[in-house]
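# Topology and contacts: notes
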Amino acid sequence: MGLFSSPAKVYKPAADVDLGPGSDELYISPNVKAPRVAGLLVKIFVWILEMPIVGQIVLYILKKDNLINKLVSDADIPEPPLFTASHSWEDTPEQSVRLTKPDLSAAERVQEAVGCLPARLEAALAADARGIRRWTVRDFSDAYRSGEVTPVQVAARFLAAVRESSGPGVSNMAFFISCDPDDVMRQAEESTLRYQRGAPLSALDGVLVGVKDEIDCLPYPTTGGTRWLGAARRCEADAACVAQLRACGAVLAGKANMHELGAGTSGINPHHGSTRNPYNASTIAGGSSSGSAAIVCAGLCPVALGVDGGGSVRMPAALCGVVGFKPTAGRLSNAGVLPLNWTVGMPGILAGTVEDALIAYSAIVDQSQPSYLRPELNLPQLGSTLSIGNIKLARYGKWFNDSAEDIRSCCDKALQALRANYGWQTVDVTIPEVEEMRLAHYVTIGSECTTSLAKYLDKLKRSEIGWDARVALSVYGSFSSRAYLNAQRLRNRQMYFHKQIFKAADVIVSPMTGVTAYPLQDDALSTGELDYINGAALVRYSIAGNFLGLPAITVTVGYDRGGLPIGLQFIGRPWAEATLLHVAFATQQACAKGYKKPPVFYDLLGKQQD
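Notes on the structure follow. (Residues numbered from 1 in each chain as written. Predicted model: local features only at pLDDT ≥ 70, side-chain atom pairs only at ≥ 80, totals over all residues. Heavy atoms only, no water.)

## Some remarks on the sheet that holds strand S12 (residues 392-395)
- Taken together, eleven strands build an open sheet; the order of strands is S3-S5-S4-S8-S10-S9-S16-S17-S14-S12-S13 and the sheet is mixed. Edge strands, defined here as strands with exactly one partner in the open sheet, are strand S3 (176-178) and strand S13 (425-428). Ignoring which end each strand starts from, the neighbouring axes of this sheet average 35° apart.
- Sheet analysis places strand S9 (residues 323-326) next to strand S10 (residues 346-351), joined by three bridges and oriented antiparallel. Following the sheet pairing, glycine 324 is matched in S10 by leucine 350.
- Across the sheet, helix H7 (residues 181-196) touches strand S4 (208-212) and strand S5 (251-256), and the angle it forms with S5 is around 160°. (Pairing = 2+ DSSP bridges. Helix = DSSP H or I, 4+ residues; strand = E, 2+ residues; numbered from the N terminus. Axes fitted to C-alpha atoms, helices over the stretch in contact; angles between N-to-C directions. Contact = heavy atoms within 4.5 Å.)

## A short note on a nonpolar patch on the surface
- Side chains of Leu40, Leu41, Ile44, Trp47, Ile48, Met51 and Val54 sit close together on the surface and give an oily, nonpolar patch of about 620 Å² of accessible area.
- It is helix H1 (residues 40-49) that contributes the most residues to the nonpolar patch, five residues altogether.
- For leucine 40, the location among the structural elements is in helix H1. (Patch = residues over 30% accessible without salt bridge, like charges linked within 9 Å, V, L, I, M, F, W, Y side chains within 5 Å. Areas by Shrake-Rupley, 256 points an atom, 1.4 Å probe, with all protein chains shown as cover. Salt bridge = Lys/Arg side-chain N within 4 Å of Asp/Glu carboxyl O.)

## What about the environment of arginine 408?
- Structurally, the position occupied by arginine 408 is in helix H14 (residues 405-422).
- A C-alpha to C-alpha distance of 24 Å links arginine 408 and serine 282, two positions 126 residues apart in sequence.
- Once you skip the residues sitting within four places of it in the chain, arginine 408 turns out to touch Phe400, Asn401 and Ser403.

## Regarding the pattern of salt bridges
- One pass over the structure, following the stated rule, counts 22 salt bridges.
- Close ionic contact of glutamate 79 with arginine 493 constitutes a salt bridge, the shortest N to O distance being 2.8 Å. Remark: arginine 493 occurs in helix H17 (residues 481-501) and glutamate 79 occurs in the loop between helix H3 (68-73) and strand S2 (97-99); sequence separation between them is 414 residues. No difference in accessibility class separates glutamate 79 from arginine 493, as the two residues are buried.
- A salt bridge links aspartate 406 to arginine 561; the nearest nitrogen and oxygen atoms lie 2.9 Å apart. (Buried < 20%, exposed > 50% of the residue type's maximum accessible area, 1.4 Å probe, protein only.)

Structure (structure tokens):
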């Protein structure tokens, strides 16, 4: 054994692993050994990592201490590698759904989705005096149709709010990287004319939608949260999902802020400002789709697009108290999305309500392939959600409980409410090798990121990259081909485990994050920070959605003692988004009375909400 060697894990065949509630499989909580580092210490650490030989030794020690070598790189794994998390179409029966025709336009699908909504918004978000009434897509559409307000008036209020939230110091919420007032007003004027003629394109016509700056959207450059990528890679057309929204009449509100290159979970960006959480401006918004989550939370847009490669839509959604939805891999097109991670990343939706998530989802579903090559699209009849029975929720207790006390308690109460209100059952299961999956995903997303960016990084001065992103790229670049292949072997094992669990349950339930939004500290604003302990806690429950390409959604179910939001996550069978949306809507209904209004909140319809 060498100086830094440790016994590597030998895995038994996946078929021999016990998935039952009494399994003796060992649960490993993330064994992260790294102090929080920011400011000058980050710079020193970067200089060390980028030194020849010395940096390689430090990286090896870090990977050894955090079990990457033992559980992934050097492990003995019997399964062959599985390189893409693609799923063949299976006609899984779903309750209370509407099967859409395969040749509908985006606007026609939106009309279908609106027809699936309850006849009236229930108590879900009307809430009590302490609660929050979010204006939904349907609220904006109704107000436009009635002439109560116009898209131009809403756009003007939006732009005023963006200016107000972009002040100096703590008052800079850093919601957007780019927002062109002239372009926003031009779109709003065109929408207003359509309403005046009585011919809006869809319920999304005139509705503001934010776009993460990892997704192409004209007339803006796509920066990926950097200062250089927009010039190195020209944006020449809308991404597929943006083009579909534009065809529905949505007003594209600008490019939302994000963690640089998606290489972090905090949303701290030294180039464009660090997005702040509307529930508490001194805390993080989460990442990497930080701006997208925050603008929905603050009422600036009822819907925003993000990209989810490792929970990057769902984590900030949970921290900011909104809905985060990532469909099955392949359900949405990746065309026009920065290819930072080919096999784990895809667009996702952030919305104030499950209803709005459904509307946006219906608009951007990829229907470009011939109908015989793509899965059927079922939309959930949310008006009948309350009558759905026999839903089974798989819960792995050791994993579920590996979270802060407030989160654990709040999520347990939400499950109790689902049992009491709908009679749904919770099924105890074991999900083996959760930490191994997290590390395998980390190797995968890191390897794919450096490969994707190699043609740019080889010509780029390191000084153009943020300090914390430089650390991430150094670690990513240290992964070997053996580590990547073994990570894909672990993907194969996890695909088997999850398929077995879905034979006994409809969805898997967990908290969305292990901690709520933590403080945004001044020493990190210009350099970023290395906080791998909090980072591991944030991604603890995200990985299966990306690594295995499964659909997943998070819904707010309460708040911690400091008033910060807590999200509950549901992970579904492949292509069963309708069931997932039903479950999320039922949870939203059951937990609605406790919803609280964030201190930073804008009323774009101009109605009194207090």
